[in-house]
Amino acid sequence: MRLKDKTAFITGGNSGIGLATAKLFVAEGAKVTITGRNKETLAAAAKELGPNGLAVEADINDVAATEKAIAQAVEKFGKLDIVFANAGIPGNTPVGGTTLAAFEQVIRTNLTAVFFTVQAASPHLNDGASIILNGSVISVLGNPGYAAYAASKAGVRGMARVIASELSPRGIRVNVVAPGAIRTPIWKGAAPTEQAFAVLENRIGKSTPLGRMGEADHIAKTVLFLASDDSAHVTSAEIFVDGGATGAP
Ligand code: NDP
C-alpha cells in the first residue's frame, strides 16, 4: 500500500497508460480522479476503479473544464497529493505535409494543456505532493514525421524543470516519465488493423534492445515510483522507460 490515503488526479485516465496507472494507484491505496473525453471508456474505467475512483468528463484543452474537474476531485477526496498529466495525442506527418492547425493541435494538447493542468492543480496540492508529466522518447530520437510531437514532448521536459524549481519550496516534486513505444490505443491511427499492428510491433522490437514493445503497466509502475515516497529525493528528473530505445546504436 505505497499510496495509502493519498489522492491522485490523472488526465487521460480512461485509456492506455493513464488507466493502467489509475488501477495501480487504487490497488496501492489511493483515491483517484480520472478525466477524459470519451463517455463510454470513462464509465467503464469508473466501474473498474470502484468506490475509490471518480471519472469526470473534461477536455484538457478547456482550462475551465480542467479547473472544474479538479474542484470535483478535491470536493470528493480532499486536496491532491499526486497529479499525473498524462493525456496526449499522437502526431505523425512529414514536415511538408503538416498544416498549421495540425501542428498547433499537438502543441496545444501535449504541452499547453499540460501546463494549465499543473497551474489549475497547484493551489489544491498538499505540500510534498508529486507531479508527473508524460513525455516521450520521441523528444530525443528524431523519428521522421514527429516534428510537432517531438517539440511538444521536449517542451514538457523543459517546463518540468522550471515548475520543479518554482514548487520546490513547498516540497513538491516534478518529474517526467518518458515512454518508448507502448501497446495502447494511441497506435490505432498508425496501425488500424491487426496485421498492420503486427508489422509495427515487429519493427519496434527490432529497434529496441530489449526486443519488444512496452506495456502500459511498465509505465504505470514507474509513475508509481515517482508518485510515492520511494522517490522522495527525485525531482526535475526524466525517466526513460523504453526497453533501451534511446540508448540503441
Ligand atoms: P491512449 O490513446 O490510450 O490514451 C490517451 C489518453 O489521452 C486518453 O485517455 C484520451 O482520452 C486522453 N486525451 C487525449 N486528448 C484529450 C483531450 N483533449 N482531453 C482529454 N483527454 C484527452 O494513449 P496512451 O495511453 O499511449 O497515451 C498516454 C500518454 O502517453 C500520451 O501523452 C502519449 O503521448 C504518451 N506516450 C505514449 C506512448 C505509446 O507508445 N503509447 C509513447 C510515448 C508517450 P479520450 O480517449 O477520452 O479522448
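Residues numbered from 1 in each chain as written. Predicted model: local features only at pLDDT ≥ 70, side-chain atom pairs only at ≥ 80, totals over all residues.

Participant: When you look at the environment of Pro-179 in this model, what are you seeing that I'm missing?
Facilitator: Mapped onto the secondary structure, Pro-179 falls in strand β6 (residues 173–179). According to the C-beta neighbour criterion, Pro-179 is buried, with 27 such atoms within 10 Å. In sequence terms Pro-179 and Val-137 are 42 residues apart; their C-alpha atoms lie 6.0 Å from each other. Apart from the residues within four sequence positions on either side, Pro-179 is in contact with Ile-17, Ser-136, Val-137, Gly-214, Ile-219, Val-241 and Asp-242. (Helix = DSSP H or I, 4+ residues; strand = E, 2+ residues; numbered from the N terminus. Buried ≥ 20, exposed ≤ 12 C-beta atoms within 10 Å, placed from the backbone. Contact = placed C-beta atoms within 7 Å.)

Participant: I tried to follow helix α1 (residues 16–27) on my own but got confused; where do I start?
Facilitator: Two residues of an α-helix separated by three or four positions point the same way, owing to the 3.6 residues in each turn. Here α1 contains 12 residues, and its C-alpha end-to-end distance of 17 Å stays within 8% of the 16 Å for a straight helix at 1.5 Å per residue. The buried fraction of α1 amounts to 10 of the 12 residues, a majority that puts the element mostly inside the structure. Those residues of α1 that fall on the buried side of the exposure criterion are Gly-16, Ile-17, Gly-18, Leu-19, Ala-20, Thr-21, Ala-22, Lys-23, Leu-24 and Phe-25. At the exit of α1 stands Gly-29, carrying a positive phi of roughly 100°. (Expected span 1.5 Å × (residues − 1).)

Participant: Any chance you could explain the packing of helix α3 (residues 63–77) against helix α4 (residues 100–121) here in plain terms?
Facilitator: When two helices pack together, their arrangement is captured by the angle between the axes and the distance separating the axes. Between α3 and α4, whose axes approach to 9 Å, the crossing angle comes to 40°. Classified by the angle between their axes, α3 and α4 sit oblique to one another. The two elements α3 and α4 cross, and the hand of that crossing is right-handed. Here Val-63, Thr-66, Glu-67 and Ile-70 of α3 come into contact with α4, specifically with Phe-116, Thr-117, Ala-120 and Ala-121. Partitioned by chemical class, the residues of the contact of α3 with α4 number five nonpolar, two polar and one charged. (Axes fitted to C-alpha atoms, helices over the stretch in contact; angles between N-to-C directions. Parallel < 35°, antiparallel > 145°, perpendicular 65-115°, else oblique. Left-handed = near helix turned anticlockwise from the far one by under 90°. Nonpolar A, V, L, I, M, F, W, Y, C, P; charged D, E, K, R; others polar.)

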